[in-house]
Amino acid sequence: MAPHEKEGFGGNPAGDAQGDPRGQAMTEASLAVQKAIGDRLAAAAEVTAIVPAGDIADRGGRPARFPSITIGDAQALDAGLDLKRRHVIVAATLHLWLAEPGLARVKALAGAVKRALRPRFTTSDGYQIADLKVEGVRFLRDPDGQHSHGVVDVEALVKEPT
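Summing up its helical and strand segments, the protein chain has four helices and five strands in all. Order of helices (α) and strands (β) in the protein chain, N terminus to C terminus: α-α-α-β-β-β-α-β-β. Taken across its 162 residues, the protein chain has 45% of its residues classed as buried. Considering only contacts in the protein chain between residues 6 or more positions apart, those separated by 24 or more positions represent 60%. Summed over all atoms, the accessible surface of the protein chain reaches about 8200 Å², with 50% contributed by carbon and sulfur.

In structure tokens:
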């Protein structure tokens, strides 16, 4: 078992409302995409060299621990590809946080995240991720002057299970 499988991408062993959907029934496309992205990032050595797998989670607000990646903000829209309405476009937002005033390292982390998300995705819960792309990346200085923040916008085309 890989290290990220022991903790889950959010650091929760079985998945719960605190941040890791592992163990929950997949009933919504954005949750399937969130889980696939979290698992992919937690398994990427280039990402976990900067952010421990246990600090890649579904949390709100500024994290208590740095560095971290938060996953969870999303929107799911009908893709309009067929009359069965089984294709969904999921727009998800990842927040990258580091405890340093400069932006160079958070930019390096964003590059690692983008590279980790390039290979084709599969899910084990019946959803098929036909395409996933990074739509854009923004870099912000936190008002406290001590933290850097990257925002990665991701878009996925997902086919729901039948």
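Now, onward.
Tallied over the entire structure, the rule returns nine salt bridges. Across the pair Lys 35 and Asp 39 runs a salt bridge whose closest N-O atoms are separated by 3.2 Å. Taken together, the positions of Lys 35 and Asp 39, both in helix α2 (residues 29-43) and four residues apart, correspond to about one turn of that helix. Note that Arg 115 and Glu 46 form a salt bridge whose closest N and O atoms lie 2.6 Å from each other. Of this pair, Arg 115 sits in helix α4 (residues 104-116) while Glu 46 sits in helix α3 (residues 45-48); the two residues are 69 residues apart in sequence, bridging distant segments of the chain. Sharing partners across several salt bridges, the network here consists of Arg 62, Asp 142 and Asp 144.

With 13 residues, α4 extends 19 Å from end C-alpha to end C-alpha; this agrees with the ideal 18 Å at 1.5 Å per step. As for α4, its buried residues are in contact with α2, α3, β2 (68-78), β3 (87-98), β4 (128-141) and β5 (148-159).

Moving on, we get to the layout of surface pockets. The method is simple in principle: a probe with the dimensions of a water molecule rolls over the atoms, and the space it marks as empty is what remains. When its volume is computed, the largest pocket comes out at roughly 160 Å³. Lining the largest pocket are 11 residues, with Lys 35, Ala 36, Asp 39, Thr 122 and Thr 123 sitting closest to its centre. Considered class by class, the residues forming the lining of the largest pocket number three nonpolar, three polar and five charged.

What follows is about the packing of aromatic side chains. Each aromatic ring pair is summarised here by two numbers: the centre-to-centre distance and the angle between the ring planes. Going through the model one piece at a time under the given rule, you end up with one aromatic pair. Centre to centre, the rings of Phe 66 and Trp 97 are 6.4 Å apart; their planes meet at 70°, and the pair counts as edge-to-face. Separated by 31 residues along the polypeptide, Phe 66 in the loop between β1 (56-57) and β2 and Trp 97 in strand β3 bring together distant segments of the chain. Under the relative-accessibility criterion, Phe 66 is labelled partly exposed at 25%. The ring of Phe 139 is capped by Lys 107, whose NZ or CZ atom sits 5.5 Å from the centre of that ring.

Counting 36 residues, the largest nonpolar core has Ile 37, Leu 41, Val 47, Ile 69, Leu 94, Val 113 and Leu 117 as its most contacted members. Contributions of two or more residues to this core are made by α2, β2, β3, α4, β4 and β5. Once residues within four sequence positions are removed from consideration, Ile 69 is found in contact with Leu 41, Val 47, Val 51, Asp 55, Ile 56, Ala 57, His 95, Leu 96, Leu 109 and Val 113.

Time to look at the pairing of β4. Two strands pair when backbone bridges link them, and β4 and β5 are joined in this way by 12 bridges, in the antiparallel orientation. Residue Leu 140 lies in a different strand from β5, and its bridge partner there is His 149. The hairpin turn running from β4 into β5, its antiparallel successor, is six residues long, and Gly 145 in that turn takes a positive phi close to 75°.

What counts as what
Residues numbered from 1 in each chain as written. Predicted model: local features only at pLDDT ≥ 70, side-chain atom pairs only at ≥ 80, totals over all residues. Heavy atoms only, no water. Helix = DSSP H or I, 4+ residues; strand = E, 2+ residues; numbered from the N terminus. Buried < 20%, exposed > 50% of the residue type's maximum accessible area, 1.4 Å probe, protein only. Contact = heavy atoms within 4.5 Å. Areas by Shrake-Rupley, 256 points an atom, 1.4 Å probe, with all protein chains shown as cover. Salt bridge = Lys/Arg side-chain N within 4 Å of Asp/Glu carboxyl O. Expected span 1.5 Å × (residues − 1). 1 Å grid on protein atoms, 1.4 Å probe; cavity = no way out; pocket = protein on both sides within 12 Å on 5 of 7 lines; lining within 4 Å. Points joined across faces, edges and corners; volume = space filled by probe spheres on them. Nonpolar A, V, L, I, M, F, W, Y, C, P; charged D, E, K, R; others polar. Phe/Tyr/Trp six-rings, centres within 6.5 Å; stacked < 30°, edge-to-face > 60°. Lys NZ or Arg CZ within 6 Å of the ring centre and 35° of its normal. Core = buried A, V, L, I, M, F, W, Y, C linked by side-chain atoms within 4.5 Å. Pairing = 2+ DSSP bridges.

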